[in-house]
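Chains, contacts and geometry: an overview
Here is how the chains run, residue by residue.
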Amino acid sequence: MGPLRARLVAMDSLLCPPMFISVAYIAEGEDDGSVEAAASRLLADRDSLDAVAFSSDGIDLLEMPGAYRAMKALKPARLKSMVVTEGRDRAALDDLMGAGYADMAMIRIRGRISEEQGATLEFLEDYGYWYGVTAEMVPGTTDEPAMREMANASRGCKKFLIRAVDPVRNGMAGVKPYEEKEVRSLVRSVGGLVRNPTFLGFI
């Protein structure tokens, strides 16, 4: 396990509204004291937070050797924690949550849901964990059937958040952006399948 760094975003209002959450982005790299600095800031802010969320700069957090160690160092006592992941490794998430490193999970699904992500959602539901889903709609990939498949697999989620990918911002040359009416139709397509689907804009 190599050294890790942390970048803290205080009071992220879009990760899981209306919760007050600070997000610690963990990355592989030279130990620069950022983990200790972020831990101190989180401890100071603990009473004003609902939770701390752990995400990654780079590879998915569940694939990062040593991520558990950084999460343990960062999390203040008596503060709920959330892991933000694509959820493609059910066993790794089971280990992490079973060991108490995270109380909640936010599963990011980009484009279409995979078989591995479906298995992870089933695991979270079966074990009664609090979980949310962020559906990232990708032009040319995410259509109404894809949205309904995501929603059907997420019926037990506490939050179903929807974002639309802007191909210009994301360097997707030749991909036509969604029109506003397409976005509205995609968001409406999951109505009745999940509770309170919420569109949070473009990324």
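Residues numbered from 1 in each chain as written. Predicted model: local features only at pLDDT ≥ 70, side-chain atom pairs only at ≥ 80, totals over all residues. Heavy atoms only, no water.

1. Some details on the overall build of the chain
This is how the line gets drawn: By definition, any uninterrupted DSSP run of H or I lasting at least four residues is a helix, any uninterrupted run of E lasting at least two residues is a strand, and each is numbered from the N terminus. As a reference, a globule follows 2.2 Å times the number of residues to the power 0.38, and the radius of gyration itself is taken over C-alpha atoms. Think of it in three bands: with a 1.4 Å probe and only protein chains considered, a residue is buried below 20% of the maximum accessible area for its type, exposed above 50%, and partly exposed in between. Two residues qualify as a contact provided that any one of their heavy atoms is within 4.5 Å of a heavy atom in the partner residue. In these tables, accessible area is a Shrake-Rupley quantity obtained with a 1.4 Å probe, and a residue counts as shielded only by the protein chains included in the view. In this tally, Lys and Arg are treated as positive and Asp and Glu as negative; His is ignored, and so are the chain termini. All charge positions are set by atom: Lys at NZ, Arg at CZ, Asp at CG, Glu at CD.
The number of helices and strands found in the chain is six helices and eight strands. Mapped from its N terminus to its C terminus, the chain presents α and β elements in the order β-β-α-β-α-β-α-β-α-β-α-β-α-β. Taking 2.2 N^0.38 as the reference for a compact globule, 203 residues should give roughly 17 Å; the C-alpha atoms of the chain span a radius of gyration of 17 Å, in line with that estimate. In the chain, which comprises 203 residues, the proportion classed as buried is 47%. Of the contacts formed within the chain by residues at least 6 apart in sequence, a portion of 74% connects residues at least 24 apart. With the model as given, the accessible surface of the chain reaches about 9900 Å², and the carbon-plus-sulfur share is 49%. Averaged over its 25 positive side-chain charges, the chain has a centre that lies 6 Å from the centre of its 30 negative ones.

2. Re the pairing of strand 8 (residues 198-202)
Here is the rule: The criterion for strand pairing is that DSSP finds at least two bridges linking the strands in question.
Relative to strand 8, strand 7 (residues 159-164) runs parallel, the two being bridged by three bridges. Of the residues in strand 8, the one forming a bridge with Leu161 is Thr198.

3. Looking at the nonpolar core
Defined as follows: Among buried residues, the Ala, Val, Leu, Ile, Met, Phe, Trp, Tyr and Cys ones that are joined through side-chain atoms within 4.5 Å form a nonpolar core.
With 50 residues, the main nonpolar core has Ile26, Leu74, Met147 and Phe160 as its most contacted residues. Leu74 has contacts with Ala6, Ala24, Ile26, Val35, Ala38, Ala39, Leu42 and Phe54, leaving out every residue within four places of it along the chain. Residues Leu15, Cys16, Met19 and Met106 belong to the second largest nonpolar core, which totals 13 residues.

4. So, the sheet that holds strand 2 (residues 21-28)
Selection rule: Lines fitted to C-alpha atoms define the axes here, with helix axes fitted over just the stretch in contact, and angles between the N-to-C directions of these axes take values from 0 to 180 degrees.
Strands sit in the order 1-2-3-4-5-6-7-8 across an open sheet of eight strands; the sheet is mixed. Lying at the two open borders of the sheet, with one neighbouring strand each, are strand 1 (4-12) and strand 8. Adjacent strand axes in the sheet meet at a mean angle of 20° when their direction is disregarded. Each of strand 6 (130-137), strand 7 and strand 8 touches helix 6 (residues 180-188); the most contacted strand, strand 8, lies at about 150° to it.

5. Notes on unusual backbone geometry
Backbone torsion omega between Pro17 and Pro18 reads 5°, so that peptide bond is classified as cis. Residue position: Pro18 is located in the loop between strand 1 and strand 2. A positive phi is found at Met11, a non-glycine position, where the angle reads about 55°. Among the residues examined, Met11 registers a relative accessible area of 37% and is labelled partly exposed. In this model, Asn196 sits at a positive phi of 50°, which is unusual for a non-glycine residue. Structurally, Asn196 is set in the loop between helix 6 and strand 8.

Shape descriptors only; they carry no functional weight alone.
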